[in-house]
Amino acid sequence: QVQLVESGGGLVQAGGSLRLSCAASGRTFSTSAMGWFRQAPGKEREFVAGITSSASTFYADSVKGRFSISRDNAKNTVYLQMNSLKPEDTAVYYCAASRRSPSTITPPGNYWGQGTRVTVSS
């Protein structure tokens with residue numbers, strides 16, 4: 001059974017940093033794209049960052065230059081380093097792993113974690 005378990009969320013002041021982790025189990029994801037989405041209160045889930053099996057990265061415009069995604073295939077884990085956090089980054093952050101694709105994490109084809117809450121105070 002595949003599980004994705006996020007950790008690292010919490011409360012931080014604007015301008016601060018957090019590092020999210022997502023540990024996968026049940027199968028290896030070294031040949032799959034992985035990434036992060038988020039959902040703010042009253043809004044739809046949106047893409048944040050992704051990383052391909054070859055470690056190419058891609059980001060939403062709203063987080064470029066502030067967030068950094070990385071992966072450790074030996075640990076079957078993906079990370080999201082979030083710097084210069086803003087109140088508008090407040091959301092539940094979800095880890096995603098593609099079931100088949102090495103390069104994309106479009107929602108219908110993903111495994112999902114349960115989410116970790118990030119709150120940024122002004």
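See the structure printed just above.
Residues numbered from 1 in each chain as written. Predicted model: local features only at pLDDT ≥ 70, side-chain atom pairs only at ≥ 80, totals over all residues. Heavy atoms only, no water.

Undergrad: Whenever I open this one, the sheet that holds strand E7 (residues 67-72) confuses me. Can you help?
TA: Two modes of strand pairing occur in sheets, parallel and antiparallel, and in both the strands are linked by backbone hydrogen bonds. Read across the sheet, four strands follow the order E1-E3-E8-E7 without closing on themselves; strand pairing throughout is antiparallel. Bordering the open sheet on either side are strand E1 (3-7) and E7, each of which pairs with just one other strand. Going across the sheet, the axis of each strand differs from the next one's by a mean of 15°, ignoring polarity. Judged from the six bridges that link them, E7 and strand E8 (residues 77-82) form a sheet pairing that is antiparallel. Bridging across to E8, phenylalanine 67 finds its partner in methionine 82. (Pairing = 2+ DSSP bridges. Helix = DSSP H or I, 4+ residues; strand = E, 2+ residues; numbered from the N terminus. Axes fitted to C-alpha atoms, helices over the stretch in contact; angles between N-to-C directions.)

Undergrad: Explanation requested: the packing of aromatic side chains in the structure shown.
TA: Any aromatic ring pair is given by two values, namely how distant the centres are and how the planes are angled relative to each other. According to the stated counting rule, one finds four aromatic pairs in the structure shown. Between phenylalanine 29 and tyrosine 111, the ring centres sit 5.6 Å apart and the planes meet at 75°, which makes this aromatic pair edge-to-face. In this pair, phenylalanine 29 sits in the loop between strand E3 (18-25) and strand E4 (34-39) while tyrosine 111 sits in strand E10 (residues 110-112), placing the two residues 82 residues apart along the sequence. Among the residues examined, phenylalanine 29 registers a relative accessible area of 0% and is labelled buried. (Phe/Tyr/Trp six-rings, centres within 6.5 Å; stacked < 30°, edge-to-face > 60°. Buried < 20%, exposed > 50% of the residue type's maximum accessible area, 1.4 Å probe, protein only.)

Undergrad: I'm lost on the state of the cysteines in this one. Help?
TA: The bond known as a disulfide is covalent and runs between the sulfur atoms of two cysteines. Applying the stated criterion across every chain yields a total of one disulfide. Through a disulfide, cysteine 22 is tied to cysteine 95; the S-S separation comes to 2.1 Å. Taking the sign of the S-S torsion, -80° for the link of cysteine 22 and cysteine 95, the bridge is left-handed. Of the two residues, cysteine 22 sits in strand E3 while cysteine 95 sits in strand E9 (residues 91-98), which places them 73 residues apart along the sequence. With respect to burial, cysteine 22 and cysteine 95 carry one shared label: buried. (Disulfide = S-S within 2.5 Å.)

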